[in-house]
Amino acid sequence: MYRYDQYDQRFINERVVQFRDQTRRFLAGEVTEDEFRPLRLQNGLYIQKYAPMLRIAIPYGLLSSAQLRTLAHIGRKYDRGYGHFTTRQNLQFNWPRLEDVPDILEELARVQMHAIQTSGNCVRNITTDHFAGVAGDEIVDPRPYCELLRQWSTFHPEFAYLPRKFKIGVSGSPVDRAATLIHDIGVHAVRDDAGEVGFRVLVGGGLGRTPIIGHVIREFLPRGEILNYLDAIMRMYNRFGRRDNKWKARIKILVKDMGIDAFREHVEADWERVRGGAGVVPDEEIARLASFFDAPPYEDLSGEDTSFRAAIADNRAFSNWVKRNVFPHKIPGYAVVTLSLKKTGVPPGDATSDQMDAVADLADAYSFGELRVSHEQNLIFTDVRQAELLTLWGELKALGFATPNIGLLTDIVCCPGGDFCSLANAKSIPIAESIQRRFDDLDYLYDLGEIDLNISGCMNACGHHHIGNIGVLGVDKNGQEWYQVSIGGDQGERASLGKVIGPSFAAAEMPDVIERLVDVFVERRQEDERFIDTVRRLGLEPFKERVYAEAH
Amino acid sequence: MPKLIKDRVVVDDAWTLLRDAASLDDLPAAAPVIVPLALWQQQRDALAARGEVGVWLAPTDDPDALARDVHRLPLIAVDFPQFTDGRGYSTARLLREKYHFLGELRAVGDVLRDQLYYLQACGFNAFAIRSDRDANQALTGLSDFSDNYQATATQPLPLFRRRGIGEGDASSPGQPGRR
């Protein structure tokens, strides 16, 4: 993975000094609450319902075991011994003290981590495919470009006070595992006919109150021009994005109001001005960044491991886990393993400090000391030998991270919701748990196959409910918590936004509602159809009828 | 006389910012003045003849409006009604990089210590710190960082074009390796 040089290290050290002084001046009353707010937000610090919340960046989802141990240590020393992995490849601590945050940032800086721009109206953490570099379907490894964008966006002087937050997602594979179509900017690394790497650039996607799928602004951008081009997009947004209404301030609204063609025309005119200039990224720099992501020293294993095959045949529980949680690796004899952070009874995405330490040890033992965080709030070991899967499975079971439910109904994506977040209209974690408890029969879950269920506690949509095959949105009605259900959303290259099925439900009704939706699917599905396929074929009606016939 | 940070030094500010001047009658007899863009556009020649006139731009003003004036204006000010309104950063960059304005580029309005570093990187070289704050204390904000990843007004080469040049050890951590 990328390692800081003297510049990177100096910048984050200077950032810690800067924020320590800002915090000191705030606590001394020299800086007002309003003046301090954007400063703390751009260092990841929210003031939440019960305590501050600190959001730490995990740039493009990559973590070393040493970094994970530091996170575990911070959880223990400054928080309540756990952290929450988010849908944007970040880690949140829910109980730090404001006074401690500069010390936490200093500890993070020692392992080349930070909380820079994880919040506030600026460019946020760059996210990507959690299988980057190991997926067989990959065209280009997106990680060097993610690091390029991380550096470009970090402390970008022109774009620190944008109209609203700004999220960039990068994918290097035709299967979009990074939800790039719902980002303010989506960057697809592609190759042209000559095999040259470049980018397809999308703009104006997003969830929230006005969910929109991104538009292609340029089909092929030469790779060296990426920063010039992004500067031009950002400058348009910074100058002309709405600042009068928080709910209309994202770039998607600007693109919608101008029309993608007019927007493109302005961006390209500004790009022409700087095209070919000092902002062009030389190939040597791309090669330097790429060198950090060279393949680890894989052993030369001849094809499928025989003991692994035998274990699958012998052991049904192991075989189920392999089916759901193990993804093929491009190198023969290796596999990609997803650690499920979706055990029933545990808030989705949560991990204790002890679990983090244990996972760090396992990463050292089984996967070259590295791991990934996915936007589905799970952890991933990308480079495990097939021959070691059985023993790894045993260790993960003991840790509670071997729930064989990846991609299934109980692999719920869920924001912290009203239990923690001051923005939330409703709780989300107890809804997730009640649904997980209802669907506790693994055989049945397997039979249902892939169903994405996403829960957001408010329309800020941190749980990405619009792109869940089943989406649940917490709403407030006269001070009470209700849940609006949509179906038909999907992520990836066929991304679509779900449609609301009708009036919302009380929390206690939710497991029944989900069960009825699933029942319709089971009765009406054809052959190997997934839930989303059946919804697409039948439309909303039969699902609506069933849910409301019985519920009201 | 009010204080101003100019070229990293606190100095007396001789200029008067006229926020509401709508006609030449609203101008004081002498003293250098900074007028609104609208007035400048109406009275370009009369104002230029007066000497020592600058123009200030609101966040919604297009710097393109000054494209043919940049060579004769000694000062352009950019207003920040709230420090969280970032439009002025782009205005400044365009004035410096697109229109090649070489005079004093001054940030006015809600200008505070903690924004100075980025403002300077975008091309501002003068800062009228909000009147209830001390310009001398704010001065340190210009030195929060020692360098930038991006090109700035004072360093036209982004870091990726300078890395490994001149500083001998810059390439050593770049050795390939995953851990």
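Bear in mind that the values here come from a model prediction, so they are computed numbers and not experimental data.

Conventions we followed
Residues numbered from 1 in each chain as written. Chains lettered and ligands numbered in written order. Predicted model: local features only at pLDDT ≥ 70, side-chain atom pairs only at ≥ 80, totals over all residues. Helix = DSSP H or I, 4+ residues; strand = E, 2+ residues; numbered from the N terminus. Buried ≥ 20, exposed ≤ 12 C-beta atoms within 10 Å, placed from the backbone. Contact = placed C-beta atoms within 7 Å. Rg over C-alpha atoms; globule rule 2.2 N^0.38 Å. Domains from an automatic or database assignment. Nonpolar A, V, L, I, M, F, W, Y, C, P; charged D, E, K, R; others polar. Pairing = 2+ DSSP bridges. Axes fitted to C-alpha atoms, helices over the stretch in contact; angles between N-to-C directions.

(A) Region of interest: the overall build of chain B. Counting its regular elements, chain B contains 5 helices and 8 strands. Based on the C-alpha atoms only, the size of chain B along its principal axes is roughly 70 × 35 × 25 Å. When the 179 residues of chain B are sorted by exposure, 39% land in the buried category. Taking all contacts inside chain B whose residues are at least 6 apart in sequence as the whole, residues at least 24 apart take part in 45%.

(B) Here's a closer look at the overall build of chain A. The secondary structure content of chain A amounts to 18 helices and 21 strands. Here the C-alpha atoms of chain A give a radius of gyration of 23 Å, agreeing with the 24 Å that 2.2 N^0.38 yields for 552 residues. Dimensions of chain A, computed from C-alpha atoms along their principal axes, come out at roughly 60 × 60 × 55 Å. In chain A, which comprises 552 residues, the proportion classed as buried is 56%. Counting only contacts in chain A whose residues sit at least 6 apart along the sequence, the fraction spanning at least 24 positions is 67%.

(C) How the structure looks around the environment of Lys-330 of chain A. Residue and element names in this part refer to chain A. Here Lys-330 lies in the loop between β11 (326-328) and β12 (334-339). Residue classification places Lys-330 among the partly exposed positions, given that 14 C-beta atoms sit within 10 Å. Sequence separation between Lys-330 and Asp-383 is 53 residues; the distance between their C-alpha atoms is 9.9 Å. Not counting the four nearest positions on each side in its chain, Lys-330 is found in contact with Val-134, Ala-135 and Gly-136.

(D) Inspection of the domain arrangement of chain A at higher detail. Residue and element names in this part refer to chain A. Along its sequence, chain A is organised into domain 1 (6-110), domain 2 (127-290), domain 3 (306-399) and domain 4 (413-551). In this structure, domain 1 and domain 3 have C-alpha centres spaced 29 Å apart. Listed as interface residues are 21 residues of domain 1 and, on the opposing side, 20 residues of domain 3. At the level of elements, β3 (62-64), α3 (65-78) and β4 (82-85) are the ones that each hand at least two residues to the side of domain 1 that touches domain 3. Residue composition of the side of domain 1 that touches domain 3, grouped by class: 8 nonpolar, 10 polar and 3 charged.

(E) How the structure looks around the interface of chain A and chain B. Contact with chain A, which involves 42 residues of that partner, is made by 36 residues of chain B. Sorting the residues of the side of chain A that touches chain B by element identifies α1 (6-27), α2 (33-41), α5 (143-153), α6 (226-240) and α9 (283-291) of chain A as the ones contributing at least two each. For the side of chain A that touches chain B, a count of residues per class yields 17 nonpolar, 11 polar and 14 charged.

(F) Seen up close, the sheet that holds strand β15 (residues 379-385) of chain A. Residues and elements named next belong to chain A. One open sheet holds the 5 strands; their spatial order is β3-β14-β15-β12-β11, and the pairing between them is antiparallel. Two strands lie at the open edges of the sheet, namely β3 and β11, each paired on one side alone. For this sheet the average axis-to-axis angle between neighbouring strands, irrespective of direction, equals 30 degrees.

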